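# A look at the structure
Here is how the chains run, residue by residue.
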Amino acid sequence: MTALSDLIRPDRYPRSSRYDPAWLLDLDMGPNPLWLLEDLARDLDLRPGMRILDLGSGKGATSVFLAREYGAEVVAADWWIAPEKATAVFAGAGVGDRVTAVRVEAHALPFEEESFDAVVSVDAFEYFGTADSYLPYLVRFLRPGGQLGMATPALTREVRELGAIPPHIKDVVGWEAMAWHTADWWRFQWGVTELVDVTSARLQQDAWRNWLLWARAGAGYRADSRNADDRAVIDMLTTDGGEFLSFALVTARRN
């Protein structure tokens, strides 16, 4: 199994390597959140003082990263995690004065329109953002010229093109994989609205290998019921070998 130290890669992820891998695994709600965010941020222009909505923020690792690394004022919005639990994470990380945790459903955001400089979503958009109507709804909360960036599980070919979800993927994630689209699918889905200019839509380099490192580290670190889940993901990724599985990184600006 992969050692925790193998999740520290300053050559490729210098910012993420400042964070304790055990801390990240304790907050795990999806693979490599800081690697994904650091990669995604290379296609964004994040600056100190920006007000950023971290949509689907989970237990808070990405919100801590946005506050620490980019000096942002962050609203950490999640449906599943109690705000008091996330607030404790932010306080422990020393960013409690810059991150506000709220419990919200992604289709009923309680914010004023044009109130954010950026919306960022890491490993969550697949759960709520694939409907044709979602981007037009979400973009209302961005200021003119505001940025949108998301990282989401992806496939190298559309399921409809393949004719079925590949069995090694379906056995682990089931029909959830129907929401895992190609980067080109996302580019068209957002661009066709003419509400945003899509500035990048790409697959993360070596995404499946990154995911495999994360799963192996988790399997070696955890002895609870999630260990079996980690091992199932390891088998899925090993079988796939990068043929279908990836992550899409997509960014845009509001017109």
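Presented here is a report on the structure given in the accompanying data block. (Residues numbered from 1 in each chain as written. Predicted model: local features only at pLDDT ≥ 70, side-chain atom pairs only at ≥ 80, totals over all residues. Heavy atoms only, no water.)

### Thoughts on the sheet that holds strand β4 (residues 116-122)
Read from one edge of the open sheet, 7 strands run β3-β2-β1-β4-β5-β7-β6, paired in mixed fashion. The two strands at the open ends of the sheet, each matched to only one other strand, are β3 (99-103) and β6 (196-203). Direction aside, neighbouring strands of the sheet carry axes that sit 15° apart on average. Sheet strands touched by helix α4 (residues 83-92): β2 (73-78) and β3. Its angle to β3, the strand with the most contacts, is close to 165°. (Pairing = 2+ DSSP bridges. Helix = DSSP H or I, 4+ residues; strand = E, 2+ residues; numbered from the N terminus. Axes fitted to C-alpha atoms, helices over the stretch in contact; angles between N-to-C directions. Contact = heavy atoms within 4.5 Å.)

### Structural notes on the pairing of strand β5 (residues 142-155)
For β5, the tally of buried residues reaches 11 of 14 residues, placing the bulk of the element in the interior. Here β4 runs beside β5; their pairing, made up of 6 bridges, is parallel. Among the inter-strand pairings, Val120 is bridged to a residue of β5, identified as Gly149. In this structure, β5 lies alongside strand β7 (residues 245-254), joined through 9 bridges in antiparallel fashion. Paired with Met150 across the bridge in β7 is Val250. (Buried < 20%, exposed > 50% of the residue type's maximum accessible area, 1.4 Å probe, protein only.)

### Details of the nonpolar core
In this structure, Leu46, Phe90 and Ile169 are the most contacted members of the largest nonpolar core, which totals 60 residues. Core analysis: the next-biggest nonpolar cluster, separate from the first, contains 32 residues, Leu55, Leu135, Trp186 and Val198 among them. (Core = buried A, V, L, I, M, F, W, Y, C linked by side-chain atoms within 4.5 Å.)

### Points about empty space enclosed by the protein
Enumeration over the complete set of coordinates arrives at 3 cavities of 30 Å³ or more. The volume enclosed by the largest cavity comes to roughly 80 Å³. Put simply, the parts of the chain that give the lining of the largest cavity at least two residues each are α1 (21-26) and α2 (33-41). Considering every element that reaches the lining of the largest cavity, the biggest residue donor is α2, with 3 residues. Per-class residue counts for the lining of the largest cavity are 8 nonpolar, 3 polar and no charged. If you add up the space inside the second largest cavity, you get close to 50 Å³. Taken together, Ser57, Gly58, Gly60, Ala76, Asp78, Ile81, Pro83, Ala86, Phe90, Ala101 and Val102 form the lining of the second largest cavity. When residues of the lining of the second largest cavity are traced back to their parent elements, those giving at least two are β2, α4 and β3. Sorting elements by how many residues they give to the lining of the second largest cavity places α4 first, with 3 residues. By residue class, the composition of the lining of the second largest cavity is 7 nonpolar, 3 polar and 1 charged. (1 Å grid on protein atoms, 1.4 Å probe; cavity = no way out; pocket = protein on both sides within 12 Å on 5 of 7 lines; lining within 4 Å. Points joined across faces, edges and corners; volume = space filled by probe spheres on them. Nonpolar A, V, L, I, M, F, W, Y, C, P; charged D, E, K, R; others polar.)

### A look at a nonpolar patch on the surface
On the surface, a nonpolar cluster with roughly 410 Å² of combined accessible area is contributed by Met29, Trp79 and Trp80. Here Trp80 falls in the exposed class, since its relative accessible area comes to 67%. (Patch = residues over 30% accessible without salt bridge, like charges linked within 9 Å, V, L, I, M, F, W, Y side chains within 5 Å. Areas by Shrake-Rupley, 256 points an atom, 1.4 Å probe, with all protein chains shown as cover. Salt bridge = Lys/Arg side-chain N within 4 Å of Asp/Glu carboxyl O.)

### Quick notes on the layout of surface pockets
Counted as a void, the largest pocket has a volume near 1000 Å³. In terms of lining residues, the largest pocket is bounded by 43 residues, among which Met29, Gly30, Asp123, Glu126 and Tyr127 are the most central. Contributions of two or more residues to the lining of the largest pocket are made by α2, α3 (61-70), β2, α5 (125-128), α8 (167-173), α10 (207-221) and α11 (226-240). Of all the elements, α11 adds the most residues to the lining of the largest pocket, at 6 residues.

### Quick notes on the packing of aromatic side chains
The final tally for this structure, using the stated rule, is 16 aromatic pairs. Centre to centre, the rings of Phe125 and Tyr134 are 5.8 Å apart; their planes meet at 75°, and the pair counts as edge-to-face. A single burial state applies to Phe125 and to Tyr134, both of which are buried. A connected cluster of aromatic rings, assembled from ring pairs, spans Phe125, Phe128, Tyr134, Tyr137, Phe141, Trp185, Trp186 and Trp190. Residue placement shows Arg9 over the ring face of Trp35; its charged tip is 4.9 Å from the ring centre. Against the face of Phe116 rests Arg51, its NZ or CZ located 4.3 Å from the ring centre. (Phe/Tyr/Trp six-rings, centres within 6.5 Å; stacked < 30°, edge-to-face > 60°. Lys NZ or Arg CZ within 6 Å of the ring centre and 35° of its normal.)

### What about the side chain of Ser200?
Mapping Ser200 onto the fold places it in strand β6. You can call Ser200 buried: its relative accessible area is 9%. Within the structure, the side chain of Ser200 is placed 3.3 Å from the side chain of Asp43, a separation counted as a polar contact. Within the structure, Ser200 has its side chain in polar contact with the side chain of Thr251 (distance 2.5 Å). Those residues within four positions of Ser200 in sequence are excluded, and the remaining contacts are Asp43, Arg187, Leu249, Val250 and Thr251. (Polar contact = N/O pair within 3.5 Å; in protein donor to acceptor, adjacent residues only side chain to side chain.)

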